[in-house]
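Secondary and tertiary structure notes
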Amino acid sequence: THELAKTSDTLSIIIIVIMGVVLIILMAFIIKYVYQCINGRKKIEEILGEKITKETTPLSLLEKAKGFEVEGIYRMSIRYRYIGLLLLMHEKGLLYIEKSMTNTEIYECLKKDNYRGLEKFRLIMETFNYTWYGKNEYTLEAYEVFKANERALWDEVNANEKGHK
């Protein structure tokens, strides 16, 4: 009976240690979650193949787009305007972008959240898909229409960060 009591005590200690380790791991996950909620979303590393560094901002992508616009390279300008808009939406909490997300998945997330700018977004996304994946060039006139839609949505995102609620 003495050895049975000793085995029981050892088993109790092992169970307490295991429960303690599980509790510590659980607390670490909770602390990490709360920290991410307080300090914002995880920094994105890439959007649609474009590397996002700590220096990359929606405005820096817009400036890059304007450089291509001046050169008449509307396809690249559309690309950087679109990626800048996605980054802005991510930063404002309207959209959480993961590295592997497709445009369709991004659209479906916004649709699921009842984002009120969904129709504008769809038009912008379709233009991006047409020019980038279709390798189609855009005329200045068509580019100006795209840019007007993109700017309207950009301004809406800036003015009303939770446009879907």
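Look above for the structure.
Overview of the structure. What you see is a predicted model, and the numbers here were worked out from it, not measured in a lab. (Residues numbered from 1 in each chain as written. Predicted model: local features only at pLDDT ≥ 70, side-chain atom pairs only at ≥ 80, totals over all residues. Heavy atoms only, no water.)

1. Brief notes about helix H4 (residues 103-112)
Given 3.6 residues to a turn, an α-helix orients residues that are three or four positions apart in the same direction. Of all the positions in H4, only Asn-103, Ile-106, Tyr-107 and Leu-110 are classed as buried. End-on view of H4: buried residues confined to an arc of 100 degrees, all on one side of the axis. Every exposed residue of H4 that faces more than 90 degrees away from the buried side is listed here: Thr-104 and Lys-112. Buried residues along H4 sit against helix H3 (74-91) and helix H5 (118-133). (Buried < 20%, exposed > 50% of the residue type's maximum accessible area, 1.4 Å probe, protein only. Helix = DSSP H or I, 4+ residues; strand = E, 2+ residues; numbered from the N terminus. Arc of directions from axis to C-beta. Contact = heavy atoms within 4.5 Å.)

2. Here we look at helix H6 (residues 140-159)
The terminal C-alpha atoms of H6 lie 28 Å apart, and with 20 residues this matches the ideal 28 Å at 1.5 Å per residue to within 8%. Inspection of H6 places Tyr-143, Phe-146, Lys-147, Glu-150, Leu-153, Trp-154, Glu-156 and Val-157 among the buried residues, and these make up the whole buried set. Packing partners of the buried residues in H6 comprise helix H2 (58-70), H3 and H5. (Expected span 1.5 Å × (residues − 1).)

3. Notes on the side chain of Ser-77
In this fold, Ser-77 is placed in helix H3. Beyond its immediate sequence surroundings of up to four residues, Ser-77 is in contact with Ala-65, Phe-68, Glu-69 and Tyr-143.

4. So, the pattern of salt bridges
Where side chains of opposite charge bring their charged atoms close, a pairing between them can arise. Considering all chains together, one arrives at 12 salt bridges under this definition. Lys-147 is paired through a salt bridge with Glu-69; the nearest N and O atoms lie 2.6 Å apart. Taken together, the residues span a long stretch of sequence, with Lys-147 in helix H6 and Glu-69 in helix H2 at a distance of 78 residues. An identical accessibility class is assigned to Lys-147 and Glu-69; each is buried. Among the ionic contacts, a cluster of salt bridges with common partners joins Glu-69, Arg-81, Glu-144, Lys-147 and Glu-150. (Salt bridge = Lys/Arg side-chain N within 4 Å of Asp/Glu carboxyl O.)

5. Description of a nonpolar patch on the surface
Residues Ile-13, Val-17, Val-21, Ile-25 and Phe-29 make up a contiguous nonpolar surface patch of about 490 Å² in total accessible area. Tracing the backbone shows Val-21 in helix H1 (residues 2-38). When its relative accessible area of 44% is taken as the criterion, Val-21 is described as partly exposed. (Patch = residues over 30% accessible without salt bridge, like charges linked within 9 Å, V, L, I, M, F, W, Y side chains within 5 Å. Areas by Shrake-Rupley, 256 points an atom, 1.4 Å probe, with all protein chains shown as cover.)

6. Focus: the side chain of Thr-127
For Thr-127, the position within the fold is in helix H5. Here Thr-127 falls in the buried class, since its relative accessible area comes to 12%. Leave out the neighbours within four places in its chain, and Thr-127 touches Ile-78, Tyr-138 and Phe-146.

7. Observations regarding unusual backbone geometry
The residue Leu-48 is not glycine, and still its phi comes out positive at about 50 degrees. Looking at where Leu-48 falls in the secondary structure, it is placed in the loop between strand E1 (46-47) and strand E2 (50-51). Assessed through its relative accessible area of 14%, Leu-48 is described here as buried. Located in the positive-phi region is Asn-114, a residue other than glycine, with phi close to 55 degrees. As for its placement among the helices and strands, Asn-114 is situated in the loop between H4 and H5.

Geometry only, nothing functional implied.
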